[in-house]
Every structure is written in structure tokens, then in C-alpha cells.
Amino acid sequence: MNTSLLLILGIIIYLVCYLWYGKNLERKVVKADDSKPTPAHTKFDDVDFVPTHPAVLFGHHFASIAGGAPILGPALAMAWGWWAGLLWIWFGNILIGAVHDYLSIMASVRYEGKSIQWIAGKMMRPRTSYLFQVFAYLTLVLALGAFSTSLAYLYVARPDVGSMSMWFIVAAVITGFLLYKLRINFLVGTIVGILLTLVAIWLGFKTPLALSYKGWLVIFFFYMMVASALPVWILLQPRDYLNAYILVLGLAMGVVALILVGAKMELAAFTSWSPNIVGGVPSPYWPVIPLIIACGSLSGIHGLIGSGTTSKQLDKETQGLIVGYGGMLTEGLLSTVVTITIAAFGLLVFKEAGGKLAEMGVIADNLKEPLYMGKNYVKAIDAVGGPLGIFTQSYGILFEQAFGISAQVGTVFSSLWVSAFTLTSMDTGNRVLRFAWEEVWEPLKASLGEFHKTITNRWLASAIPSALSIMLAWNKAYNVLWPAFGGANQMLAAATLLTVALWVLKMAGSLEKHVRFIIACAGVLWLTVFAGLWWFLFAVPSSLLVRGFVILEIVLALVFIYDFYHSMQKASPLKEQYQEAARP
């Protein structure tokens, strides 16, 4: 198998599933109708609820859900082998991830932009909403801590990339002012934004920003707090729109390069059932694979983002499919590109770093052997910059072989690509946490009086999760946080899918066979992740804090599945209870 055939196979699978399964969901399940005004129009406030051009919204949504996870997860999962990773990526994308993302957005649209947490309480029990809020908060704080750590490491290693990213923020603010306040022609504004992006890259090369790890964390704290409290048109929308050009360009060039080069897969397709991955201990493919690949296949965070920000910006209902379902398949394509690139060129990266690997007791040439790779892959990538390092350097070699461009140029470009993904997820995730904080206090609004305004102030609500995530990242705990985040994230996806299945059953009046299939997929995911969390608790050496997080995840998962079962047992749901915002 070579890179061309494998990637073309993946693209065909995604196209068929979008045109068949995705369109079926839109027509028969959601019954999208452009005559129904979306929350972006009915609740327009020029801060969070803003009708947005579908191209801009796709860019924001794709950049927000992708982050660094679809690169980090598949890069780590290579320890099982490239076929092992691709099987879960494709299976999870098609049957769970894309369905989860699309239905989360559309359920929120039908509920006037309410979060998936709020909808869970409406579909099941009031306490379910609070349990969901806790789960969501836990998951996102862990994610932001992990992203902050990985990005700080990247910026310390590449001060030019850190500088480019900061200048890019300035370019985005200027573009937002031109598009949304001066209201210049959209095409003209886009061209100006792209030119400003090129200037930002040039300035980054000329003025590298060399800061310490903790110095970058301080900057991230203020960035997340401010960016998630500002109106979306100032930074979030224009930055993500411009980001989309970097991200799509990087992805498109990767796709074209892999097809052109037709390189042989050098690393093993399968290594062993239990290679050494999590905490250095043997990690069984089932049930651990979803904890490692995480967002590269499916993600509960996508439901939070889709119902937290995307649904508030959707201009028309029929645009939800390309944004939600299409966005997840695009992320799956990215994970596919990452996996194939490392499989084809990762061995060359290891050989170039043969001296460093030898110092760690790893022989680069032996990594071609399946069992040896399974035992030593995670140790080997530490010598080349970790999961991000093995991908960016493999991508650089791909560029050189396909286009004759210096591998160094390709490495810098892919580093900027990773940075753009991760920054977007950090501030969007923090914005979703702000919404979650505000929703938790909503039932107490009447009794708290003026204090309610204080405790739900958007700046305070943004500062709290920013501080918590930076505290987790402060002691460089990324390697401990990632699997715990993966477990919480995947269980959140199962909970979200069960919630939207109830919405489909009770609200959309859809065919029962669709509901059964969605619930079956959610059940398999719930069981797999539940087993994975138990495995993590007893097999992986970790701190008391992380163990506490995992125990809490297990307890919340049990309570949630009980509430879901109880709700499903209602023979005749009181539909009037749900009619206030459904607008079927």
C-alpha cells in the first residue's frame, strides 16, 4: 500500500458518506428548513448571536473543533500501527463523529442556541443538565491545559512561530474591523486579510519572540480571557476565517503531496495489541484507542462548540450540514493525512535523529520492526519533539519529495498550521466555558438579584477557566493530562449522542430506525470508554489529582446512563413540555 492509494480510498469513503448518510440525516431526521429563522436572527445581539457567511462559519467551526488534537492523537496512536489508527479514525468519523457534530448544532438551533448541556436537562432530568455541565467543564479545562502545554513547548522551540501567531492576531483584528464595521466588500476584505497574514508571517521571521515556557503560559491566560469575552466579530470570526486559509492550504497541499509522491508506507501497519503508550505501560487497543486518538475520530468537545458558538452564528438551517457534518469529515481527513504522512516518512525522521535516539537506547533502523516499534515508538518521538515534532518533520520531508521545497520550509509551515489550530481551540473552548458558567447560575437569577450580574459577568466567567487551565499546565503535566482528557472527552461524546438521540425521538418525529442506530453507536462508545477509564484507573501510574478526575468521570458516566435509561422508559413523553422552542 502506498500513500496515493490509501489517501484516495479515504477521500472516496468520506464523499460517499457525506452524500448518502449526511444528506439522509438532513432530509429525514433534522428536516432542515430555511423558512425557519435561526437564533442568529431571532436573538441577534452583535456579540454572540451574529448571522455569518457560511464560508466564514465553516472556517471558525473547523478551526475550533480541530485544534491540535487530530494531530496529537493520531501521532501517538501510530504506536499501534497506521492501519490500526486509520480503522478507528474512519469508523468513528462516519458512524459517530459527524452525526454527533451535526445533530448537536441542529438541536441547539431548534432550541434558540441553547447548549447541549441545557438540552440534556430538557430531554432527561434537571439534574442531568448540571451533571453535563460538570462533565463539560472538566473536559474543557483538561483540554485547555493540555493545549496550553503543547503550544508553549512549540513556541519555546520555535520563537519565530510564536511571533507569527501574535502578529496574526493583530492582522485578524484589523480584518474584522474592515469587514464588520467599515463593511467593505467581502472579497476585498478577504484579500486584505490574506495580505496581512503574509505580513504577519514575514514579521514573525524577522522578530522571533523568545520567551520561557511559563512566560508563554501567562500570555495564554490573558489571551484566552480577553478573546473569549470580546464580541465574536472583533477576533474570533475574522481570525478563524483567515485561519481557514492556512488550515485548508496546509491540508490541501498535504493531500496533493501524498497523492503525487506515492511513497511506500515504511512503518508497520500493525505492531501489537498492547504497545507501550499511556504512562509507559502496555496499552490494549480496546478499550484505549479512543482515549488516545480522541478528536481525530470523534469528540464531545465538538458538541459543546457546535451548540455553544456555531449554532448562534448559523444563517440558514441548510448550512448546518456542510458546517457540522462536513467539518467533522474534514477533520477526519486531516487525521488521515497525519497518519499516512508519519507512516511514510516518520522512519526517515527517526534515522536523521539516530544519534539522539541512540542516547535514549533506541535503534532507529529497528523501528521498522513491528514489535520493536510498539515498545519504543513513544520513547522515540520524544527525541524529535514529541507527537507534534514527528508530524511537522515528516510533513517537511513530504514537501521536499513532492514539490522540491526545502524540508525546513515545510516544517515551519506545518508548525504555524498546528499553532493556528491550537490557538483557535483555546479561545473558543474558553468561550464555551463562559457560556456554561452563565447557564449554571441561570436558575438562581431571581433569588440572587444584583449578585447574579456580578457572578455571571463575562470577564469573570472568562477569567475563571483561563486560570484553572493555566494552573494545570504550569507544572508541565501534559503527558499525564492527555489520557485523562481523552477519557472525559470521549465519554462526553457518548453522552451528547444519547442526548441528541432523545431529541430526534421526542422532537423531530423522525423514523425509529435512525434513533436505534444512533443509540447503538452511542452505547458501543459509552461501553468502550467506560472500560477504558477503569483500565486507566488501575493500570496507569498517575497523580492523586488525575485519579480523582477519572473517578469523577466514572461516577458521572454511571449517573448519566441511568438518567438516559429512565427517560427512554417513558412510554408517552409529555411533548408539550418540549414544545416551547422546538418549532418542528
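Anything mentioned here points back to the structure above.
Residues numbered from 1 in each chain as written. Predicted model: local features only at pLDDT ≥ 70, side-chain atom pairs only at ≥ 80, totals over all residues. Heavy atoms only, no water.

Undergrad: I tried to follow the environment of Ala383 on my own but got confused; where do I start?
TA: On the secondary structure map, Ala383 appears in the loop between helix H16 (370-382) and helix H17 (386-403). Since its relative accessible area comes to 12%, Ala383 is described here as buried. C-alpha separation for the pair Ala383 and Thr38, spaced 345 residues apart in sequence, amounts to 50 Å. (Helix = DSSP H or I, 4+ residues; strand = E, 2+ residues; numbered from the N terminus. Buried < 20%, exposed > 50% of the residue type's maximum accessible area, 1.4 Å probe, protein only.)

Undergrad: Whenever I open this one, the nonpolar core confuses me. Can you help?
TA: Counting 194 residues, the largest nonpolar core has Leu103, Tyr325, Phe350 and Tyr377 as its most contacted members. Those residues in contact with Tyr325 that lie beyond four places of it in its chain are Cys17, Tyr18, Tyr21, Gly22, Leu25, Ile94, Ala98, Val99, Tyr102 and Gly320. (Core = buried A, V, L, I, M, F, W, Y, C linked by side-chain atoms within 4.5 Å. Contact = heavy atoms within 4.5 Å.)

Undergrad: I tried to follow the packing of aromatic side chains on my own but got confused; where do I start?
TA: In this structure the tally under the stated criterion is 23 aromatic pairs. Ring plane angle 90 degrees and centroid distance 6.1 Å describe the contact between Phe350 and Tyr377, whose orientation is recorded as edge-to-face. Here Tyr377 lies in helix H16 and Phe350 lies in helix H14 (residues 320-352), a separation of 27 residues in the sequence. Taking the relative accessible area as the measure of exposure, Tyr377 reaches 0% and is therefore buried. (Phe/Tyr/Trp six-rings, centres within 6.5 Å; stacked < 30°, edge-to-face > 60°.)

Undergrad: Explanation requested: the side chain of Thr336 in the structure shown.
TA: As for its placement among the helices and strands, Thr336 is situated in helix H14. A distance of 3.1 Å separates a polar atom in the side chain of Thr336 from a polar atom in the side chain of Trp90. Beyond its immediate chain neighbours, meaning those up to four positions away, Thr336 contacts Leu7, Tyr14, Leu86, Ile89 and Trp90. (Polar contact = N/O pair within 3.5 Å; in protein donor to acceptor, adjacent residues only side chain to side chain.)

Undergrad: How should the packing of helix H8 (residues 159-180) against helix H18 (residues 407-441) be read in this particular structure?
TA: For any two helices packed against each other, one specifies the inter-axial angle together with the distance between the axes. H18 packs onto H8 with a crossing angle of 50 degrees between their chain directions and a minimal axis gap of 10 Å. The orientation of H8 relative to H18 falls into the category oblique. Between H8 and H18 lies a crossing of right-handed hand. Residues Val161, Met164 and Ser165 of H8 touch H18, and the partners they reach there are Val412, Ser415, Leu416, Ser419 and Leu423. (Axes fitted to C-alpha atoms, helices over the stretch in contact; angles between N-to-C directions. Parallel < 35°, antiparallel > 145°, perpendicular 65-115°, else oblique. Left-handed = near helix turned anticlockwise from the far one by under 90°.)

Undergrad: Can you walk me through the layout of surface pockets in this structure?
TA: The gaps of empty space that remain are located by a probe, the size of a water molecule, rolled over the atoms. Put simply, the largest pocket is a space of about 800 Å³. What lines the largest pocket is a set of 35 residues, and nearest its centre among them are Asp382, Gly385, Gly386, Pro387 and Leu388. Only helix H4 (69-77), helix H7 (126-157), H16, H17, H18 and helix H22 (478-508) provide two or more residues apiece to the lining of the largest pocket. It is H17 that provides the largest number of residues to the lining of the largest pocket, a total of 6 residues. Classifying every residue of the lining of the largest pocket gives 17 nonpolar, 13 polar and 5 charged. (1 Å grid on protein atoms, 1.4 Å probe; cavity = no way out; pocket = protein on both sides within 12 Å on 5 of 7 lines; lining within 4 Å. Points joined across faces, edges and corners; volume = space filled by probe spheres on them. Nonpolar A, V, L, I, M, F, W, Y, C, P; charged D, E, K, R; others polar.)

Undergrad: What is the right way to read a nonpolar patch on the surface from this model?
TA: A contiguous nonpolar patch, built from Leu187, Ile191, Ile194, Leu195, Leu198 and Tyr245 and spanning about 560 Å² of accessible area, is present on the exposed surface. By residue number, the principal contributor to the nonpolar patch is helix H9 (residues 186-206), which donates 5 residues. The residue Ile194 is located in helix H9 in this model. (Patch = residues over 30% accessible without salt bridge, like charges linked within 9 Å, V, L, I, M, F, W, Y side chains within 5 Å. Areas by Shrake-Rupley, 256 points an atom, 1.4 Å probe, with all protein chains shown as cover. Salt bridge = Lys/Arg side-chain N within 4 Å of Asp/Glu carboxyl O.)

Undergrad: Can you walk me through helix H13 (residues 300-308) in this structure?
TA: Given 3.6 residues per helical turn, the α-helix brings residues three or four places apart onto the same face. The buried count for H13 comes to 9 of 9 residues, which makes it a mostly enclosed element. Among all positions of H13, only Gly300, Ile301, His302, Gly303, Leu304, Ile305, Gly306, Ser307 and Gly308 are buried. Here H13 starts with a cap whose side-chain oxygen sits 3.1 Å from the backbone nitrogen of Ile301, and that cap is Ser299.

Undergrad: Sorry, what's going on with the state of the cysteines here?
TA: In a disulfide, the sulfur atoms of two cysteines are covalently bonded to one another. Across all of its chains, the model carries 0 disulfides by this definition. Just so you know, Cys295 is unpaired, no disulfide at all, and the nearest cysteine sulfur is the one on Cys521, 19 Å from it. (Disulfide = S-S within 2.5 Å.)

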